[in-house]
Structures are given as C-alpha cells and as structure tokens.
Amino acid sequence: MKKCRNLLIILSSAFVFALFVSCGSGVEQPIQFPHKTHIDAGVECNICHQFYETQKNSGRPTTEVCSNCHFDEPMTSNPEEKRLIEEYIKKNKELPWKRVYHVPEHVYYPHFRHVMNAKIDCEFCHGDIKSQTMPLTKPLKKTKMYFCYNCHKERGISVDCITCHV
Amino acid sequence: MSGYKEEKKLKPLNKIWPVWRWGMIIDLNKCTGCQACVIACKAENNIPFKTKKESLQAREMSWIHMTLTYEGKYPNVKMSFIPVPCLQCENPPCIKVCPVGATYFSEETGIVGQIFGRCIGCRYCTVACPYTVRVFNWFTPEWPGDMKKYTNPDVSKRPRGVVEKCTFCSHRLNAAKDRARQENRGLKQGDYVPACVESCPANAIYFGDLNDPNSIVSKIGKDPRAFKIMEDLGTEPKVIYLHKV
C-alpha cells in the first residue's frame, strides 16, 4: 500500500514538473530577431506585418519580404542575421514563424477594424513589443475577454455577443 | 480586471446606432426552388460538406433548408418550395431551454445569436425549435482537397459537438457598420444583406429593418399575402412569407 502511494506521489510530481516545463519554454522562433533594431532602423510595422490595415490577420514576414533588405551581406554582426541569409534567403526556404498571440477560434478579431477605425496602437494589445531585443516566447499581455469587453464598453462599441463571436 | 485600469484611456467613438429588428420577407410566388440560397449560405458560413452516407443518416447540415410541399393528386400535382432559415423569433423558444446561455436574443439587432464556444451540445434547443432550423455538428468539419483554403475568414469554423444556426450573416452587419462609420452615416437599405438574399436569382428574398417604417420589409410586409409560419405558437418570427392563397 505504501509503495503504491509513493509511486503515486512520484508520478504526480513528475506530471506537475512536465507541465511546468512545457508552460515555461513558450514559443521558439526560427530566427532570434530583434524588434527594436528594426524599429530603430526606421522600419514601420506594416513593412513586415503587411496586412493589419486591410485584413483580419496582420501577417508574418515571408522570406521574400525579409530579402528586400537582407539580400547579400549581413548589415550587422548579429550571427542570427547571417543565419537568416544563408539558411533561408539564399535557399529560398520559407520561414516557419510561430504564432505567439492567440485568440480562440470562435472569436473574430479583425486587425483592420481596430487599427483603421478605432485607431488603436499596436502596443495597446501587444504590449511594449517595439523595445524587445529578442523575439517573444510568451505574450506580453494576456488576450482575455474582459480586456476586450472593458474597452468596447468604455468606447461605446457594441458588446453584443455576436459582434465578436461569429 | 485591475490590469486594464492602468491603461491609458481611449476616446469613446460616439457612434450611436438605432435599435434594429432585422427581418426577412420570402416571396414564395417568386421562389423557383433553385437552392442558390442554400449553396450561398454554405459557402458564406463555412458549413462543411457531408457525404452521401452521412446525409442518409440525417447528418446533413444547412442553415437554410428547402421544405417541399405537394398539393393535389397525380397527374395534377403542384409542388412548392419553402426556404426556411432561422426565423429569428421575437419570442424564441430555443433560448429558454439553453442551460449554458449559449444562445441569446440580441436586443440591439433582434437576431437570435449562437455563441459556438459556449455551446455544450445538449441539443435541447434543436428539440425546442418548432421550425427545425437548428442543426447539430456531428463530425469534425472537413472540406475536400483545397476547399479548406477558400473558407470564409470572417466566420469561425465550428468544432464537432455544437449546435449551429443561421445568424442572419451577422458578420456582414459588422462590415456594414464599418463602412457606415467610415463615411459617418447611418445604415442604408442594402448596406447589410445576408448571403442568401444576395444570391437569390429571382429576387424572392427581401431584407431590412422592421423597426424602420420606410424600409422595404416594412412596406412589403403589409401585403395581404403575408403570413408567418406557425403564427399560433406565439414565437413571433421575423421572417415573413408571401404566398397567394
């Protein structure tokens, strides 16, 4: 009986540890790019994230978009930039970016409506992303329903369920 | 909640919309039964295809379906078609039975909304609906071949195990509100039309605001041919039919 209990304790602690590790590691991007360097160089958000003014999703930069600037020789001494050019751009391989900010499938969040109509800055939902020197592994802000709801209510936007849950 | 309070305050947008009661009129004398509305609805709302086997098991899904009626005896049979979307009742029986509040009556628009993320799939509403317009999603939605890439991004793909229904293409209302807000005006007739209305080749379906006395539905609704299905139940549907008796 005691053996059984010990085994249970070991198993449950292993499970909790595994859960902790899986939550802690977060998302890993193929290239460790810095948002800050791009912003400092005068690159606007819509050059890499091309669709946030017109579509639902903001879009992530394709290899073609990156190759507009990073085409021949690395501009900085960052080894990641060299890796980007050699592994992806010269081989014309697509960058497997991973999504960091999620909303559930039954939530309709259109970027264009919030950026163009409501004139909300990126930082409002994405946090201080412009000063990040490493890609995010976890969202800086939690995209929860109360966050959406409070803003909608304050600004006099419809809080009818079917406005977002379509 | 407290995390939000620290944020900078944004200006209110100060756009006040009227209270709508979106309604539909289907002219059965004009309807040819071509089922273009059924196809348009399926394409617009990402309703998955069903195989022949699944259809024979009554697992077919459509938010607007054709009901056939036969009159007379052979050889003088007269067949008529009645397209039945969700009738968006003013007094809906389905919301009274939902144990989780996944379906509700939208006071702003008069649409009976379904929140797919909240639905637990108990199917009480499917049974309560006297018009049998609610469908249950029995299988994980699948599209043949490349069709998945062409689904509508404005509408969510519902998972298996939820009840679905016509929402009067409420995502189109949001788009119409967007356009109106940009041009700083109210909604005009024809700004917001569901996919079935738009696709009808015989122009048999009219759509508009029943609260507005000048709208097309308010005017045509006074037609002596107008009737509502199962009016005696007291559900007060907002989809009105026209048929010459």
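Not measured: the values here are computed from a predicted model.

Caption draft 1: Quick look at the sheet that holds strand β1 (residues 22-27) of chain B. Pairing is mixed across the open sheet formed by four strands, whose spatial order is β8-β1-β10-β9 (chain B). Where the open sheet ends on each side, the last strands, each with one partner, are β8 (205-209) and β9 (226-227) of chain B.

Caption draft 2: Layout of the pairing of strand β3 (residues 78-84) of chain B. Residue and element names in this part refer to chain B. Bridging between strand β2 (residues 65-71) and β3 involves seven bridges; their strand directions are antiparallel. When the bridges of β3 are listed, His-65 appears paired with Val-84. Two successive antiparallel strands, β2 and β3, enclose a turn made up of six residues, where Gly-72 displays a positive phi of approximately 80 degrees.

Caption draft 3: Expanded view of the nonpolar core. All names here are of chain B. Counting 45 residues, the largest nonpolar core has Trp-22, Met-24, Phe-168, Tyr-192, Ile-205, Phe-207 and Tyr-241 as its most contacted members. Those elements that place two or more of their residues in this core are β1, α2 (36-44), β3, α6 (170-182), α7 (195-199), β8 and β10 (239-242). Among all residues touching Tyr-192, those that are not within four sequence positions of it are Trp-22, Ile-111, Phe-168, Cys-169, Ser-170, Arg-172, Leu-173, Ala-176 and Phe-207. By size, the runner-up hydrophobic cluster in this structure holds ten residues, among which are Cys-94, Ala-102, Cys-125 and Val-163.

Caption draft 4: Spotlight on the interface of chain B and chain A. In this complex, chain B contributes 34 residues to the contact, which on the side of chain A involves 27 residues. Between chain B and chain A the total buried area reaches about 2900 Å² when both faces are included, carbon and sulfur atoms providing 53% of it. For the interface between chain B and chain A, the tally reads one salt bridge. Ionic pairing is found between Asp-178 of chain B and Arg-113 of chain A, a salt bridge with its closest N-O pair at 2.5 Å. Mapped by element, the contributors of at least two residues to the side of chain B that touches chain A are β5 (112-114) and α6 of chain B. Ranked by residues supplied to the side of chain B that touches chain A, first place goes to α6 of chain B with eight residues.

Caption draft 5: Seen up close, the side chain of Ser-158 of chain A. Following the sequence through the fold, Ser-158 of chain A ends up in the loop between α8 (145-154) and α9 (161-164). A distance of 2.9 Å separates a polar atom in the side chain of Ser-158 of chain A from a polar atom in the side chain of Thr-163 of chain A. A distance of 2.9 Å separates polar atoms of two side chains, one belonging to Ser-158 of chain A and the other to Glu-108 of chain B. When near neighbours in sequence (up to four residues on either side) are disregarded, Ser-158 of chain A contacts His-152 and Thr-163 of chain A together with Glu-108 and Lys-177 of chain B.

Here is what the cut-offs are and how they apply
Residues numbered from 1 in each chain as written. Chains lettered and ligands numbered in written order. Predicted model: local features only at pLDDT ≥ 70, side-chain atom pairs only at ≥ 80, totals over all residues. Heavy atoms only, no water. Pairing = 2+ DSSP bridges. Helix = DSSP H or I, 4+ residues; strand = E, 2+ residues; numbered from the N terminus. Core = buried A, V, L, I, M, F, W, Y, C linked by side-chain atoms within 4.5 Å. Buried < 20%, exposed > 50% of the residue type's maximum accessible area, 1.4 Å probe, protein only. Contact = heavy atoms within 4.5 Å. Buried area = accessible area lost by both parts, 1.4 Å probe. Salt bridge = Lys/Arg side-chain N within 4 Å of Asp/Glu carboxyl O. Polar contact = N/O pair within 3.5 Å; in protein donor to acceptor, adjacent residues only side chain to side chain.

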